[in-house]
Amino acid sequence: MKKFLSITLAAAMLLSLLVGCGNDANKDGQGSSASDQGPENQGSSGKTFLIVGTSKEPVNFYPISTEYAINMSDAPVNFNVYEAPLKLNPDGTYSPGLAESWTIEDGGTSYVLKIRQGVTFHDGNPLTVEDVVWSMEQHAQDPNGKSLLINFESVEAVDESTVVIHLSAPFAPFLGALASNAALILEKDLAEKIGEEAYSAAPVGTGPYTFVSRQSGDNVKLAAYENYWGGAPAIKDITIKVLTDVNSQVLSLENGDIDALLDAPIDQLLRLNESSPVKYTTTRASQLTYLTLNCKKGPAADINFRRAVQYGINKEDVVIGTYEGAVNVLDTPLSPILTAYPEEGSYQVIPYDPEQAKAYLAESNYAGEEFTIIVPSGTKEETAAQIIQGQLIAIGINCVVNAVDNATYMGTIFQDPSGNWGSNIRANGNSSIDADGSMNTPFGRTGRALMSAFAPHNGSDEMEEVIAKGRAETDEAARAKLYARGCDIVAEEVWAIPLYDGLSIVAYNGGLQGAEPRPLAGIFYFNEWSF
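Residues numbered from 1 in each chain as written. Predicted model: local features only at pLDDT ≥ 70, side-chain atom pairs only at ≥ 80, totals over all residues. Heavy atoms only, no water.

Asks: Any details on helix 14 (residues 406-415)? Residues and values, ideally.
Replies: For helix 14, the buried fraction is high: seven of the 10 residues fall into the buried class. When we look at burial in helix 14, the residues that qualify are Asn406, Tyr409, Met410, Gly411, Thr412, Ile413 and Phe414. Next to the buried residues of helix 14 lie strand 13 (371-376), strand 14 (399-404) and strand 15 (423-428). In this structure Asp405 caps helix 14, since a side-chain oxygen of it lies 3.2 Å from the backbone nitrogen of Ala407. (Buried < 20%, exposed > 50% of the residue type's maximum accessible area, 1.4 Å probe, protein only. Helix = DSSP H or I, 4+ residues; strand = E, 2+ residues; numbered from the N terminus. Contact = heavy atoms within 4.5 Å. Polar contact = N/O pair within 3.5 Å; in protein donor to acceptor, adjacent residues only side chain to side chain.)

Below is the structure:
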């Protein structure tokens, strides 16, 4: 069962969920988003520039990438430069984006989108239904899209303002995909003319901000798109600053070097005194953090070694060390906020048992070689890796932490075919608030992990059956039972070891308004922010 840790009063206050103000997520989408309201309804102190700190460098700005895995660390850029048909609200519901309304027809197999008129790309060209159709077709072919656009069959434009997406079978959480990075819309003619590399270097979307520049390892700059259909943003210039020293991130905020900090370290926020100008808001996130093992090369190719690691990790200590106990220990590779999450007691729980870990290690072929954990530097994952390192050393494993910049990390995990790493820790912010994405993306054969340059394991026929049946089943309780079996498969094969669920956090100086996190970590709409 999930272990809910005792937490301090401050942490308990932290856990109160934000109440969003979006529309109900019903079948017929109407209503308005914050961006519809325009800057006239936002605060105005005269300050029009924003410096946002982040520990994870945004690196990929082509959402339909065949070369590089899309990651939620790219979301602060991509969800402001590009837009999807729908928009995710802070409370997890959806509101209109590029689709001003939508209906679900034909028994849940047709999604009819009324595309907003008068929208232009940043180069001045108008958005057309052809751009939407082409973008969705491209998304459906890439690994990220295959993981999210479940049961996608085809897409067509039926007139100059209507696009219909056809599914092979109903899939209730499909609305979430239409608000995800697998539905961000690109300019068809430009993308076909210049190609992926050039488009990623100078991305063009319809969002409230235009891309200005990227200085690798340091910053990304955005500028307000004055012709944005929702009204010109109040904040005109944004610098997303990469801060890899976790010990100085909140200090930079307190000193006024930055205005906001994404995914801020909770331990430091909880120690702020009452006179600090820093405020922060949180919400439960669909992301979860786990240790992925390289099941093909190195020590973890041995199942007994993997089991030794599995039993040798004290997750409660990891949670206390990374989040001050403000998140939940996980026994499944699924976040509890996902739809179709299995009931407690329906899946296996692996206890912390260092003696059993030592016994498995003795049964393995391990001979003292180095076992690496690669992580992005300056992140909670690095802190978690350091704690786990000590625990594994205690049971006899020569564990080493390799903390690198985010670009190197992503390239090593997803692009390098050599597979020269022992394990990695990721905060996986799947772009769907449903169990399917978190099961298929890392463990399914059509998921992003197994379609990377180096797949850390081969999956299994049984897991493919679980995923397929979960997509076809319409009863949520029945789906949850299927995913419980999927969780057991992961535990038995030890492809990965779940650690803890997530919070989406933003810390900011008191004069900033509108800084609200979403259930999908990394998604922030800067045109909703103002001073």
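Alright, that's what it looks like, and here's the rest.
Asks: Account for the packing of aromatic side chains, with residues named and values stated.
Replies: Each pair of aromatic rings is reported with the distance of its centres and the angle of its planes. For the structure on display, the rule yields 13 aromatic pairs. With 5.3 Å between their ring centres and 45° between their planes, Phe61 and Phe211 make a pair best called tilted. With Phe61 in the loop between strand 1 (49-54) and helix 3 (75-81) and Phe211 in strand 8 (residues 209-215), the pair connects residues that are 150 residues apart, well separated along the chain. For Phe61, a relative accessible area of 2% gives the class buried. (Phe/Tyr/Trp six-rings, centres within 6.5 Å; stacked < 30°, edge-to-face > 60°.)

Asks: Can you break down the sheet that holds strand 11 (residues 260-262) residue by residue, with the values?
Replies: Spatial strand order, 8-9-10-1-11-16-12-15-13-14: 10 strands in an open sheet with mixed pairing. Each end of this open sheet is capped by a strand with a single partner; those strands are strand 8 and strand 14. Taking the axes of each pair of neighbouring strands and ignoring which way they run, one obtains an average angle of 25° across the sheet. (Pairing = 2+ DSSP bridges. Axes fitted to C-alpha atoms, helices over the stretch in contact; angles between N-to-C directions.)

Asks: So, unusual backbone geometry: which residues are in play, and what are the values?
Replies: Working note: non-glycine residues mostly have negative phi, and peptide bonds are mostly trans. Within the chain, Asp106 stands out as a residue other than glycine whose phi angle is a positive 55°. Look at Asp106 and you get exposed, because its relative accessible area is 56%. You will see that Asn151, though not glycine, has its phi angle at about 65°, which is positive. Along the polypeptide, Asn151 turns up in the loop between helix 5 (143-148) and strand 6 (152-159).

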